[in-house]
Amino acid sequence: MKSEKIILMNKEILLKSRPKGRPTKDNFEINDIEKPEPKDGEVLLKSKYVSVDPYMRGRMRDEKSYVPPFEINEPIRGGIIAEVIESKNENFKKGDYVNGSNLQWKILQTSNGDDLKKVDGNQAPLSAYLGVLGLTGLTAYVGLKNIGNLKEGETLVVSGGSGAVGSIVGQIGKIKGCKVVGIAGSDDKVETMKKKFGFNGGINYETTDNMKKAIKEACPDGVDVYWDNVGGETLDAALANINKHGRVINCGAISMYNDTEAKKGPRHESTLVKKSVRMQGFIVRDHQDEFEEGIQHIAKWMNEGKIKYSETVVEGFDNIPQAFIDLFDGKNEGKMVVEI
Ligand code: NDP
């Protein structure tokens, strides 16, 4: 009988050049590469779901930050759910699924297992470990817990409200008894925030001329807590409506990630002083000691039907760069992932 050898195809995606402004597909290069052989102590991984995230845009700049920049002509790195297809590491066996937060954009790669966490596809769909049960869900949890300090009856406004982080922020706000208003870039997203995620109100910033007025109308009692995913003019408009002792959680500023020059805007110092506002940023990875507690809370709320989540699943390894670029056009609802 003719013996059949399974040939595993491998590919990688490199950062070819640093984007100037909005990223394009030319900033990436896709190559066919050899299948690697795991050494003793290593596993061979096959990527199953690849996370694309707005923060990766920052790593494409040659700037010192809380994570090192991606190197030119090196594979992009990020969160990936992968299957162990060969194991020479006693902690993992063939068929295990793992979540790695710093794996390379490759179909096949080896790992010594240090950064890998096993995930159970019977407990939740595997892709959920990149979103609601992963870093984006935890971002919402730790930001609200440490900075938001939500109180029942308060008004919480969240920008990027139908996205991976924002949709969970708003739903935790509802669990805590707040009135929640989401801001997003389409009428469909506003509908989803209200119908699926239970927000009290929603604003489509793309069709709104005066965001300050729109927030005022949606929040007649003012804004107690503003969760900022976008920065820029939306932050200005939220601060114009902030209440005394308000809290502003600076999670991200996606509207500015592709800027090539710093923009000028209103100065907020006197608002912060006069209204005793606390405005604070944070990085989710600095809160690792709260991750287990955070996942337990989120999983419990999901089981109780209090937290729902959306995903936009793009298919095909070669489509990873486009999926990443599409984040800046708001083409995702909920967590953007690529299925390999
Ligand atoms: P999302 O799922 O929210 O996807 C990005 C969304 O941003 C798009 O769908 C789009 O929605 C919106 N957007 C894109 N461009 C603009 C723009 N110019 N102005 C306003 N909105 C825009 O991504 P994540 O949930 O993963 O991330 C949300 C934010 O949280 C990002 O700023 C990210 O950097 C930050 N973050 C911070 C972390 C931390 O530790 N501090 C950890 C994880 C994420 P729309 O159609 O509504 O415009």
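Everything below is about the structure printed above this text.
Residues numbered from 1 in each chain as written. Predicted model: local features only at pLDDT ≥ 70, side-chain atom pairs only at ≥ 80, totals over all residues. Heavy atoms only, no water.

Some remarks on the sheet that holds strand E12 (residues 242–250)
Right, so step 1: Judged by pairing direction, the sheet is parallel, and its 6 strands sit side by side in the order E10-E9-E8-E11-E12-E13 without closing on themselves. The open sheet has two edge strands with one neighbour each: strand E10 (201–204) and strand E13 (278–281). Here the average twist between neighbouring strands, direction ignored, is 15°.
Right, so step 2: Where strand E8 (residues 155–159) and strand E11 (residues 223–228) come together, 3 bridges link them in parallel fashion. Counterpart to Leu 156 in the pairing with E11 is Val 225.
Right, so step 3: Sitting on the sheet, helix H3 (residues 164–175) touches E8, strand E9 (179–184) and E11, and the angle it makes with E8 is about 170°.
Right, so step 4: The strands touched by helix H4 (residues 187–195) within the sheet are E9 and E10, with E10 carrying the most contacts at an inclination of about 165°. (Pairing = 2+ DSSP bridges. Helix = DSSP H or I, 4+ residues; strand = E, 2+ residues; numbered from the N terminus. Axes fitted to C-alpha atoms, helices over the stretch in contact; angles between N-to-C directions. Contact = heavy atoms within 4.5 Å.)

Examining the pattern of salt bridges
If charged atoms from side chains of opposite charge come close, those side chains can pair.
Right, so step 1: What the rule picks out here adds up to 17 salt bridges.
Right, so step 2: Taking the shortest distance from any N to any O, the salt bridge between Glu 269 and Arg 267 comes out at 2.7 Å.
Right, so step 3: Through salt bridges that share partners, Lys 93, Asp 96 and Lys 118 make up one connected network. (Salt bridge = Lys/Arg side-chain N within 4 Å of Asp/Glu carboxyl O.)

A word on the site of the ligand
Right, so step 1: Around the ligand lies a shell of 26 residues, among which Lys 189, Tyr 205, Tyr 257, Val 284 and Asn 332 are the nearest.
Right, so step 2: Here an oxygen atom of the ligand sits 2.8 Å away from a polar atom, N or O, in the main chain of Gly 185.
Right, so step 3: Protein chains bury 89% of the 910 Å² of accessible surface belonging to the ligand in isolation.
Right, so step 4: Mapped by element, the contributors of at least two residues to the shell around the ligand are helix H2 (135–148) and H3.
Right, so step 5: Per-class residue counts for the shell around the ligand are 15 nonpolar, 10 polar and 1 charged. (Near = heavy atom within 4 Å. Polar contact = N/O pair within 3.5 Å; in protein donor to acceptor, adjacent residues only side chain to side chain. Areas by Shrake-Rupley, 256 points an atom, 1.4 Å probe, with all protein chains shown as cover. Nonpolar A, V, L, I, M, F, W, Y, C, P; charged D, E, K, R; others polar.)

Regarding the nonpolar core
Inside soluble globular proteins, nonpolar side chains tend to come together where they are buried.
Right, so step 1: If you look at the biggest cluster of nonpolar residues, it comprises 40 residues, and the most contacted ones within it are Val 169 and Trp 227.
Right, so step 2: At the level of secondary structure, the elements contributing two or more residues to this core comprise H2, E8, H3, E9, H4, E11 and helix H8 (291–303).
Right, so step 3: The leading source of residues in this core is H2, at 6 residues.
Right, so step 4: Within the second largest apolar cluster, 32 residues are counted, among which are Leu 15, Leu 45, Val 52 and Ile 76. (Core = buried A, V, L, I, M, F, W, Y, C linked by side-chain atoms within 4.5 Å. Buried < 20%, exposed > 50% of the residue type's maximum accessible area, 1.4 Å probe, protein only.)

Side note on the pairing of strand E3 (residues 43–51)
Right, so step 1: Of all 9 residues making up E3, 7 are buried, and the element is well covered by its neighbours.
Right, so step 2: Here 7 bridges tie E3 to strand E4 (residues 77–87), and the two strands are oriented antiparallel to one another. Bridged to Val 43 within E4 is Ser 87.
Right, so step 3: Relative to strand E6 (residues 108–111), E3 is paired through 4 bridges, and the arrangement is antiparallel. When the sheet's bridge partners are listed, Lys 46 is paired in E6 with Leu 108.
Right, so step 4: Where E3 lies against strand E15 (residues 335–339), 3 bridges are found, and the strand directions are antiparallel.

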